[in-house]
Amino acid sequence: MKKTVSLVLGSGAARGNAHIGVIQAIEDQGYDIVSISGCSIGSIVGGVFAAGKINDYSEWACSLDKVSVLRMLDMSFRHGAYIKGDRFFQVVEDIIGEAPAIESLAIPYTAVAVDLLNQKEFWFQKGNLIDAMRASSAIPSVVAPVQLDNRIYVDGGVLNPLPIIPTVSAGADYIIAVDLNGPAQELTTETLVEKNNEPEWWSGFKGFFVKSRTDEEIEARNISKNGPESWGRLQTINMMFETMQESLTQYKLAGYPPDLLISIPKDFTSFYEFWRADELIDFGYEVAVKALEELASPRQTYHSFPKGY
């Protein structure tokens, strides 16, 4: 009989593609996912999985390049944010079909958002799946807030970037949580750093996130390529948001540690690099397989991978 898993998928924008690899590894290793909760990108990947369309979503994510990511962005300064998200969620809805009700999904599903007016965490466990995903992933100052039933919702990561508690009632053999804001790792330059053969149009677009500077300007002004002088407005907002989320995650883990924590290094990709899905899926799969080996070893109170987190 298969061991059962309640899966918790954390927030982390483009790094969320690692969730796909983790799900594939869990299933390939013979576990049965019986419950899923997610925040932000975790709610999106988790919702697509619960709807039975994770393979289709993975295929689409791996097809993205820089041009298609650019086309996906629907900028709006009238909605209190830079990005509306309509184009992205239209694709998601096309993949899963007419948006199902959460209560009709094959497994229990929870998307965690924040009710901004009442200043509290909100769990979507029924109702329209796409609405729940949108509410859970409305990153403050980046993606427009979502208004539903006279409430205004923003990204669940504001209060709970790793929502473990919603999965407890499933009574699974293991609770496995995937944190996308894990400690930075010493990864190879070939893996992490984009090549400099970028077309001019891309350098202009990337300036929306980070300030584009020539190598000569960087050398002349003694500017770090990764330092604050190179950050655009969204990069600065994201750095603040990730710092807050990392602290909140530690608090949540201390209060209710899962059986297994899989940690994806926060420096693996920038938050906007959605065109690197192949790398992230492969990395998520590899890390998850190694982590599941830890889980199968003599039982401890708490496992984490990489160790020492």
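Everything quoted here is computed from the prediction, not taken from an experiment. (Residues numbered from 1 in each chain as written. Predicted model: local features only at pLDDT ≥ 70, side-chain atom pairs only at ≥ 80, totals over all residues. Heavy atoms only, no water.)

Regarding its fold elements, the protein presents eleven helices and nine strands. The buried share among the 309 residues of the protein stands at 52%. Residue pairs at least 24 apart in sequence account for 75% of intrachain contacts in the protein once pairs closer than 6 positions are excluded. For the protein, the accessible area works out to roughly 14,700 Å², and carbon and sulfur atoms hold 50% of it. (Helix = DSSP H or I, 4+ residues; strand = E, 2+ residues; numbered from the N terminus. Buried < 20%, exposed > 50% of the residue type's maximum accessible area, 1.4 Å probe, protein only. Contact = heavy atoms within 4.5 Å. Areas by Shrake-Rupley, 256 points an atom, 1.4 Å probe, with all protein chains shown as cover.)

As a further point, take the layout of surface pockets. By volume, the second largest pocket is sized at about 180 Å³. Around the second largest pocket, the lining residues are Phe-122, Trp-123, Phe-124, Gln-125, Lys-126, Gly-127, Asn-128, Asp-131, Ala-132, Leu-148, Asp-149 and Tyr-153. When residues of the lining of the second largest pocket are traced back to their parent elements, those giving at least two are strand 4 (120–124) and helix 6 (129–136). The dominant element in the lining of the second largest pocket, judged by the number of residues it contributes, is strand 4, at three residues. (1 Å grid on protein atoms, 1.4 Å probe; cavity = no way out; pocket = protein on both sides within 12 Å on 5 of 7 lines; lining within 4 Å. Points joined across faces, edges and corners; volume = space filled by probe spheres on them.)

Attention now moves to the confidence of the model for the protein. Summary statistics for the protein give a mean pLDDT of 83 and a share of 78% for residues scoring 70 or more. Across residues 188–197, where pLDDT falls below 50, the model places eleven contacts with residues more than four positions away in sequence or in other chains. A low-confidence stretch, residues 210–214 stays under pLDDT 50, and its non-local contacts, those more than four residues away or across chains, total 16 contacts. (pLDDT = per-residue confidence, 0-100.)

On to empty space enclosed by the protein. Using a probe with the size of a water molecule, rolled over the atoms, empty space left in the structure can be pinpointed. Scanning the model with the defined rule gives two cavities of 30 Å³ or more in all. Of the pockets and cavities examined, the largest cavity occupies roughly 480 Å³. Lining the largest cavity we find 21 residues, and of these Leu-73, Ile-83, Phe-88, Val-143 and Phe-274 sit closest to its centre. Elements represented by at least two residues in the lining of the largest cavity include exactly helix 2 (41–50), helix 4 (66–72) and helix 5 (86–96). Residues of the lining of the largest cavity, tallied by class, amount to 18 nonpolar, three polar and no charged. (Nonpolar A, V, L, I, M, F, W, Y, C, P; charged D, E, K, R; others polar.)

If you check UniProt for "active site" (unreviewed entry), the listed places come out as Ser-40 and Asp-155 in our numbering. Annotated residues spanning 116 residues; largest pairwise C-alpha distance 5.8 Å, indicating a single compact cluster. In the annotation above, Ser-40 are the residues that line the largest cavity. Among the structural elements, Ser-40 can be located in the loop between strand 2 (32–39) and helix 2. Turning to its location among the elements, Asp-155 is positioned in strand 6 (residues 151–155). (UniProt positions renumbered as here; feature names shortened; annotations may be inferred.)

Assignment of secondary structure puts Ile-33 in strand 2. Judged by relative accessible area, which is 5%, Ile-33 ranks as buried. Sequence spacing of Ile-33 and Val-5 is 28 residues, and the spatial spacing of their C-alpha atoms is 4.7 Å.

For the rest of this paragraph, the subject is helix 1 (residues 17–28). At 3.6 residues per turn, the α-helix brings residues three or four places apart onto the same side. For helix 1, built from twelve residues, the straight-helix expectation of 16 Å at 1.5 Å per residue is met to within 8% by its first-to-last C-alpha distance of 17 Å. Burial analysis of helix 1 places nine of its twelve residues in the buried class, the great majority of the element. For helix 1, the complete set of buried residues consists of Asn-17, Ala-18, His-19, Ile-20, Gly-21, Val-22, Ile-23, Ala-25 and Ile-26. Looking at the residues trailing helix 1, positive phi occurs at Gly-30, about 90 degrees. (Expected span 1.5 Å × (residues − 1).)

Glancing now at the packing of helix 1 against helix 11 (residues 277–296). Axis separation between helix 1 and helix 11 bottoms out at 6 Å; the angle between their running directions is 40 degrees. In terms of orientation, helix 1 lies oblique with respect to helix 11. Crossing hand, helix 1 versus helix 11: right-handed. Two secondary-structure elements touch here, helix 1 through Asn-17, Ala-18, Ile-20, Gly-21, Val-22, Gln-24, Ala-25, Ile-26 and Asp-28 and helix 11 through Ala-277, Leu-280, Ile-281, Gly-284, Tyr-285, Ala-288, Val-289 and Leu-292. For the contact of helix 1 with helix 11, the residue count by class is twelve nonpolar, four polar and one charged. (Axes fitted to C-alpha atoms, helices over the stretch in contact; angles between N-to-C directions. Parallel < 35°, antiparallel > 145°, perpendicular 65-115°, else oblique. Left-handed = near helix turned anticlockwise from the far one by under 90°.)

Let us look at the pairing of strand 7 (residues 174–182). Within a regular beta strand, the side chains point alternately toward one face of the sheet and then the other, so they alternate between its two faces. In terms of burial, strand 7 is largely enclosed, as nine of its nine residues are buried. Summarising the sheet, strand 1 (residues 4–9) and strand 7 pair through five bridges and their orientation is parallel. Bridged to Leu-7 within strand 7 is Ile-176. The pairing of strand 7 with strand 8 (residues 260–265) spans five bridges and is parallel. Among the inter-strand pairings, Asp-179 is bridged to a residue of strand 8, identified as Ser-263. (Pairing = 2+ DSSP bridges.)

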